[in-house]
Amino acid sequence: MKKSTCSEGQIATALRQVDAGAPVPEVTRALGISEATYYVWRKRYGQMAIAEIRRLRQLEEENRKRKQLVADLTLDKVILQEVLVGHPPIGVRRACGLLQLNRASWYDRHHRREDTALRRRLRELAQARPRFGYLRLHVMLRREGWGVNKKRVHRLYREEGLTVRLARRRKRASHLRVVPPPPSQMNERWSRDFVANTVLDGRRFRTLTVVDNWSRRSQLIEVDFTLTGTKVVNALERAAKQSGYPQMITVDNGSEFASKALDAWAYAHGVKLDVIRPGKPVEHAVIESFNGRLRDECLNANVFISLHDARQKIEAWRIDDNEHRPHSSLGNLTPREYVEQAVTTGLQEAPNFQLPAV
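Since the structure is predicted, the reported quantities are computational estimates derived from the model, not experimental observations.

Each value, and the rule that gives it
- Residues numbered from 1 in each chain as written.
- Predicted model: local features only at pLDDT ≥ 70, side-chain atom pairs only at ≥ 80, totals over all residues.
- Heavy atoms only, no water.
- Pairing = 2+ DSSP bridges.
- Helix = DSSP H or I, 4+ residues; strand = E, 2+ residues; numbered from the N terminus.
- Axes fitted to C-alpha atoms, helices over the stretch in contact; angles between N-to-C directions.
- Contact = heavy atoms within 4.5 Å.
- Parallel < 35°, antiparallel > 145°, perpendicular 65-115°, else oblique.
- Nonpolar A, V, L, I, M, F, W, Y, C, P; charged D, E, K, R; others polar.
- Buried < 20%, exposed > 50% of the residue type's maximum accessible area, 1.4 Å probe, protein only.
- Salt bridge = Lys/Arg side-chain N within 4 Å of Asp/Glu carboxyl O.
- Patch = residues over 30% accessible without salt bridge, like charges linked within 9 Å, V, L, I, M, F, W, Y side chains within 5 Å.
- Areas by Shrake-Rupley, 256 points an atom, 1.4 Å probe, with all protein chains shown as cover.

A. Looking closely at the sheet that holds strand β5 (residues 272-275). Strand order in this open sheet of 5 strands is β3-β2-β1-β4-β5, and the pairing throughout is mixed. Taken across any chain shown, the strands that pair with only one partner, and hence form the sheet edges, are β3 (218-224) and β5. Along the sheet, successive strands turn relative to each other by an average axial angle of 25°, direction set aside. Sitting on the sheet, helix α10 (residues 229-243) touches β1 (190-198), β2 (204-212) and β3, and the angle it makes with β3 is about 150°. Of the strands in this sheet, β2 and β3 are in contact with helix α13 (residues 307-323), which crosses β3 at around 170°.

B. Summary view of the packing of helix α2 (residues 24-31) against helix α3 (residues 35-45). At a minimum axis separation of 9 Å, α2 and α3 run at an interaxial angle of 100°. Relative to α3, α2 is oriented roughly perpendicular. For the pair formed by α2 and α3, the contact residues are Val 24, Pro 25, Thr 28 and Leu 31 on the first element and Glu 35, Tyr 38, Tyr 39 and Trp 41 on the second. Of the residues in the contact of α2 with α3, the class split is 6 nonpolar, 1 polar and 1 charged.

C. Layout of the pairing of strand β4 (residues 248-251). Side-chain alternation along β4 places Met 248 and Thr 250 on one buried face and Ile 249 and Val 251 on a second face that is also buried. One ladder, built from 2 bridges, connects β1 with β4; its direction is parallel. Paired with Ser 191 across the two strands is Thr 250, which belongs to β4. Sheet topology note: the β4/β5 ladder contains 4 bridges and is parallel. Paired with Met 248 across the bridge in β5 is Lys 272.

D. Examining the pattern of salt bridges more closely. In total, this model carries 21 salt bridges according to the counting rule given. We note a salt bridge from Glu 160 to Arg 119, for which the minimum N-O separation is 2.7 Å. Of this pair, Glu 160 sits in the loop between α9 (150-159) and β1 while Arg 119 is found in helix α7 (residues 116-128), placing the two residues 41 residues apart along the sequence. Judged by its relative accessible area of 23%, Glu 160 is partly exposed. The closest approach of N and O atoms between Arg 121 and Glu 144, which form a salt bridge, is 2.5 Å. Here Arg 121 is found in helix α7, whereas its partner Glu 144 is found in the loop between α8 (134-143) and α9, with 23 residues between them in sequence. A relative accessible area of 25% places Arg 121 in the partly exposed class. Looking at Glu 144, the relative accessible area reads 39%, which means it is partly exposed. Linked through salt bridges whose partners overlap, the residues forming this network are Asp 115, Arg 119, Arg 123, Arg 152, Arg 155, Glu 159 and Glu 160.

E. Highlighting unusual backbone geometry. Even without being a glycine, Asn 187 presents a positive backbone phi close to 65°. Position of Asn 187 relative to the elements: it lies in the loop between α9 and β1. By relative accessible area, which is 10% here, Asn 187 ends up buried. We note that Arg 216 has phi near 60°; this positive angle belongs to a residue other than glycine. Within the secondary structure, Arg 216 is located in the loop between β2 and β3. Arg 216 sits in the partly exposed class, given a relative accessible area of 24%.

F. A nonpolar patch on the surface, seen in detail. Taken together, Leu 101, Trp 106 and Tyr 107 make up a surface patch of nonpolar side chains, about 330 Å² in accessible area. By the secondary structure assignment, Tyr 107 is in helix α6 (residues 103-107).

Right, here's the structure in full:
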């Protein structure tokens, strides 16, 4: 085991700083260690004091030395036995026999390809997209012309310590439910929901998210401190003028979606409101997935100084999600590419809105 260059005091200080709220990347960067090393410290030392950490490390070092001493004595004994029976010092054949190691493995030489450039580009992509896993990063690399497979990317991804830590969700028993048929064209079904967050001074703001279920295209993300039924209708009208009115909208039981203003707007434009059952977010799966991605990749990754700053950053993320981010549900295409491909192959009529140039 390689001995750490950090003292017991530095280890204890790093653990306390993170417990007090300091970001792990800043603490590890200041000590010149990886994040993986920090999590090993936290698992091994936990809430120990400096004296306890020092004593534990001394015991580990003594144990390592004893193991090394036993191994050296055993090897010396074997070599002495070989000398006593008249054989020369131990050779490769005898050593491999004692270790039950195939001699082909001993003579094998490392022939791994040079990965420096690929590692550098993988780190750059992971830094730009901190919540992307190795599968999505593999898609991004293939788009750039790198001829690598998923297993090689996964190996480098793990060796570089880029693994994204995910919260494990408890698996729940499945239940019978009515599953609506999947949409087959643009504007057949939209989904809408709300996500809440705060600006730097602690004030809460809300975001209205609107997604087309067929293309997974984000039609709009409306950001404001309050989103009444009237504001929701105005936002939907702007989205409809750009891409056309939907045939159906899947909504939850929120007061904004149950308002008279939304009901009147839907009736005036022939839009059906499909309200999910209370407590059944699985019937709202498309928008729930989008909201989770929005929170993970945008809301949790940014600090919003003001409402104007939040609007700019969230809109930039929305455009990136539509035009650059690969979606596994679309065969690793972006929503823009998916729509263009459907129009080109004749499976979908050209949408009313104009796709902006990338």
